[in-house]
Amino acid sequence: ISGNRAGGVGMGGDNNIVVGNYIGTDAAGTTALYYQNYGVVLSGRHNRVGGASPVERNVISGNDIGIGIGSGGDNTSDNNIVSGNYIGTDAGGTVALGNKHGVEFDNNTYQNVIGGATADERNIISGNTIDGIYINGGDGNTITGNYLGTDAYGTGKLSNGNNGISITNDAHQNVIGGSAAGQGNIIAY
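So, a few notes on the structure that sits alongside this text.

Rules and cut-offs
- The residue numbers shown here count from 1 along each chain, following its written sequence.
- Residues qualify for local features only when their pLDDT is at least 70, as the model is predicted, and side-chain atom pairs are given and counted only at 80 or more; totals for whole chains, interfaces and linings, by contrast, use all residues.
- Processing note: side-chain calculations cover all non-hydrogen atoms of the structure and skip hydrogens and water entirely.
- Centre distance within 6.5 Å is the pairing criterion for rings of Phe, Tyr and Trp, where only the six-membered ring of Trp is used; planes under 30 degrees apart are then read as stacked, over 60 as edge-to-face, and the remainder as tilted.
- Either the NZ atom of lysine or the CZ atom of arginine qualifies as a charge over a ring when it sits within 6 Å of the ring centre and within 35 degrees of the ring normal.
- A patch consists of residues whose relative accessible area exceeds 30% and which take part in no salt bridge; residues with like charges are grouped when within 9 Å of each other, and nonpolar side chains (Val, Leu, Ile, Met, Phe, Trp, Tyr) when within 5 Å.
- Only the protein chains shown count as cover for residues, and all accessible areas are computed by the Shrake-Rupley method using a 1.4 Å probe.
- The salt bridge definition used is simple: a Lys or Arg side-chain nitrogen within 4 Å of an Asp or Glu carboxyl oxygen.
- Helix and strand definitions follow DSSP, with helices as H or I runs of at least four residues and strands as E runs of at least two, each counted in order from the N terminus.
- Only protein chains enter the calculation, and the probe is 1.4 Å; a residue is then buried if its accessible area is under 20% of its type maximum, exposed if over 50%, and partly exposed in between.
- Here, a strand pair is defined by DSSP locating no fewer than two bridges between the strands.
- Whenever a helix is involved, its axis is fitted only over the stretch in contact; in every case the axis is a line through C-alpha atoms, and angles between N-to-C directions fall within 0 to 180 degrees.

### Some remarks on the packing of aromatic side chains
One pass over the full model with this rule turns up zero aromatic pairs. In this structure, Arg 57 is placed above the aromatic ring of Tyr 86, and the distance from its NZ or CZ to the ring centre is 4.1 Å.

### Structural notes on a nonpolar patch on the surface
The grouping of Ile 167, Ile 176 and Ile 187 at the surface amounts to a nonpolar patch, some 240 Å² of accessible area in total. Tracing the chain through its elements places Ile 176 in strand β19 (residues 175-176).

### Digging into the pairing of strand β7 (residues 65-69)
For β7, the tally of buried residues reaches five of five residues, placing the bulk of the element in the interior. Of the strand pairs in this sheet, strand β4 (residues 38-42) and β7 are connected by four bridges, and their pairing is parallel. If you follow Tyr 38 over to β7, its bridge partner there is Ile 65.

### Quick word on the sheet that holds β7
Read across the sheet, six strands follow the order β1-β4-β7-β11-β15-β18 without closing on themselves; strand pairing throughout is parallel. Each having just a single partner strand, β1 (7-11) and β18 (165-168) make up the two edges of the open sheet. If you compare each strand with its neighbour and ignore which way they point, the axes differ by 10 degrees on average. Where β1 lies against β4, four bridges are found, and the strand directions are parallel. By the bridge assignment for β4, Met 11 is matched with Leu 42.

In structure tokens:
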């Protein structure tokens, strides 16, 4: 799903699922195409991008914004899940094909989850040219178990250009990490 002027996948509704796609890259997931404003836009509720199995992984790279939550206008975007994706890398998770921002939250975003406690739910959010995750408003969102700034193995350098995670614009009560096994993020380089 690449080369579209506005975006790859726009979800203004509820209870939709996006799994197993290459969004913003060529068919092999090895080259970014750099045309789309958004790879995925979530402006609804209870949607899922990716999942807890490698076959559900999306590769979302080469867009201005990889995943925009609340970016579709004034709709409330809540209880969406983004897990198990490669955001800003190639299909192997080892080469940067960055978006500008990997994931961006805007206002009216609540209780969305990026990642999870298992290895398969982990997002690799690396190689983006600005921030890995940019929380530009929004409350009560959870960022857990992800690798930011590393390759898919968590050891190789695949930096985001600015911050791993940036929280700004009066965002409140967002949770980065957690105390249970697997909930901590690796934020490096």
